[in-house]
Amino acid sequence: CIEDTRTAFDALIAGPDPDVVVWYSQRERYGVESEGEVLAAGTAAWRDAVFADWDATLDRLTVGGATVALVLPAYGDGTSTSACEGDAAAVLARKRCRSDTGALTGGSLRAFYREWAVGHRDRVVVIDSVPLVCGESDPCESTIGTTPLRPDDGIHFSDAGARLLAPLL
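Keep in mind it's a predicted model, so treat the numbers as computed, not measured.

Peer 1: How should I be thinking about the overall build of the chain in this particular structure?
Peer 2: Within the chain, the secondary structure is distributed over six helices and seven strands. Mapped from its N terminus to its C terminus, the chain presents α and β elements in the order α-β-β-β-α-β-α-α-β-α-β-β-α. Out of the 169 residues belonging to the chain, those deemed buried represent 37%. The contacts of the chain with a sequence gap of at least 6 include a subset with a gap of at least 24, amounting to 69%. Counting every atom, the chain has about 9,500 Å² of accessible surface; 54% of that belongs to carbon and sulfur.

Shown next, in the form of structure tokens:
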């Protein structure tokens, strides 16, 4: 779907000519393929490949002069598994709650985004959604009050969670 995403970005930017583009992505928390080789998440080669992709994406998103509001991924590092134990803990929940799945933790990915954004201050504003979503909780809770924030995947926002967070962002 990466090629479809690039095409969609180009079409969305060309039409309405936005002043601000909101960027929220977590696909980068996994390894990436480059020239037929899978680069492990967090390695120097991964960093170089991902930063080059982000640079190209930023160029596409800001071609008309828009500022990119980079919303940092809102999930905890998942170093504690206690919240994921018990009869309701499925494989997906365990993956969400532990950092041993081969994926970057939330804090690690946020650090890479911050590092990259420093070189693009003229076009990128960083928004840390973690205090709004996670507070002090690690891993992030799946609800805010009684509002379900996320579906079972622990990454995406539910419709209700998105409606709650959008005005805060």
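Peer 1: Explain the sheet that holds strand β5 (residues 124–128) to me, please; I cannot follow it from the model alone.
Peer 2: One key point about sheets: their strands pair by backbone hydrogen bonds, in either a parallel or an antiparallel sense. Strand order in the open sheet formed by three strands is β1-β4-β5, and the pairing between neighbours is parallel. In this open sheet, the two edge strands, each paired with only one partner strand, are β1 (20–23) and β5. Looking at each pair of strands side by side, their axes are set apart by 25° on average, direction ignored. Looking at chain direction, β1 and strand β4 (residues 67–72) are connected through four bridges and run parallel. From the neighbouring strand, V21 faces β4, where its bridge partner is V68. Lying on the sheet, helix α2 (residues 44–61) is in contact with β1, β4 and β5; it crosses β1 at an angle near 150°.

Peer 1: Please clarify how the nonpolar core should be interpreted in this entry.
Peer 2: One broad trend across soluble globular proteins is that nonpolar side chains are buried collectively. Formed by 23 residues in total, the largest nonpolar core has its most connected members in W23, W46, W54, L70 and W116. Elements supplying a minimum of two residues to this core: β1, α2, β4 and α4 (106–118). Element by element, the count of residues in this core is highest for α2, at six residues. Those residues in contact with W23 that lie beyond four places of it in its chain are W54, T57, L58, L61, V68, A69, L70, V71, Y113 and W116. Membership of the second largest hydrophobic core comes to six residues, among which are A74, V130, C134 and L149.

Peer 1: For this particular structure, what's the right way to read the packing of aromatic side chains?
Peer 2: By convention here, two paired aromatic rings are described through the distance between centres and the angle between planes. Summed over all chains, the structure comprises eight aromatic pairs. Look at W54 and W116: their rings are 5.6 Å apart centre to centre, the planes differ by 70°, and that puts the pair in the edge-to-face class. Remark: W116 occurs in helix α4 and W54 occurs in helix α2; sequence separation between them is 62 residues. The residues W54 and W116 share a single accessibility class, namely buried. Ring-pair connections join several aromatic residues into one group, and the members of that group are W23, W46, F51, W54, F112, Y113 and W116.

Peer 1: Honestly, unusual backbone geometry in this entry has me stumped. Any pointers?
Peer 2: Keep in mind that most residues, glycine aside, have a negative phi and that most peptide bonds are trans. Although it is not a glycine, E35 adopts a positive phi angle of roughly 50°. Structurally, E35 is set in the loop between β2 (32–34) and β3 (37–39).

Peer 1: I would appreciate a short explanation of the layout of surface pockets in the present structure.
Peer 2: By rolling a water-sized probe across the atoms, one finds the places where empty space is left. The space that makes up the largest pocket amounts to roughly 300 Å³. Lining the largest pocket are 20 residues, with T5, F9, W23, S25 and R27 positioned closest to its centre. Of all the secondary structure elements, the ones that give two or more residues to the lining of the largest pocket are α1 (2–14), β1 and α2. The leading source of residues in the lining of the largest pocket is α1, at six residues. Per-class residue counts for the lining of the largest pocket are 11 nonpolar, four polar and five charged.

Thresholds, definitions, all that
- Residues numbered from 1 in each chain as written.
- Predicted model: local features only at pLDDT ≥ 70, side-chain atom pairs only at ≥ 80, totals over all residues.
- Heavy atoms only, no water.
- Helix = DSSP H or I, 4+ residues; strand = E, 2+ residues; numbered from the N terminus.
- Buried < 20%, exposed > 50% of the residue type's maximum accessible area, 1.4 Å probe, protein only.
- Contact = heavy atoms within 4.5 Å.
- Areas by Shrake-Rupley, 256 points an atom, 1.4 Å probe, with all protein chains shown as cover.
- Pairing = 2+ DSSP bridges.
- Axes fitted to C-alpha atoms, helices over the stretch in contact; angles between N-to-C directions.
- Core = buried A, V, L, I, M, F, W, Y, C linked by side-chain atoms within 4.5 Å.
- Phe/Tyr/Trp six-rings, centres within 6.5 Å; stacked < 30°, edge-to-face > 60°.
- 1 Å grid on protein atoms, 1.4 Å probe; cavity = no way out; pocket = protein on both sides within 12 Å on 5 of 7 lines; lining within 4 Å.
- Points joined across faces, edges and corners; volume = space filled by probe spheres on them.
- Nonpolar A, V, L, I, M, F, W, Y, C, P; charged D, E, K, R; others polar.

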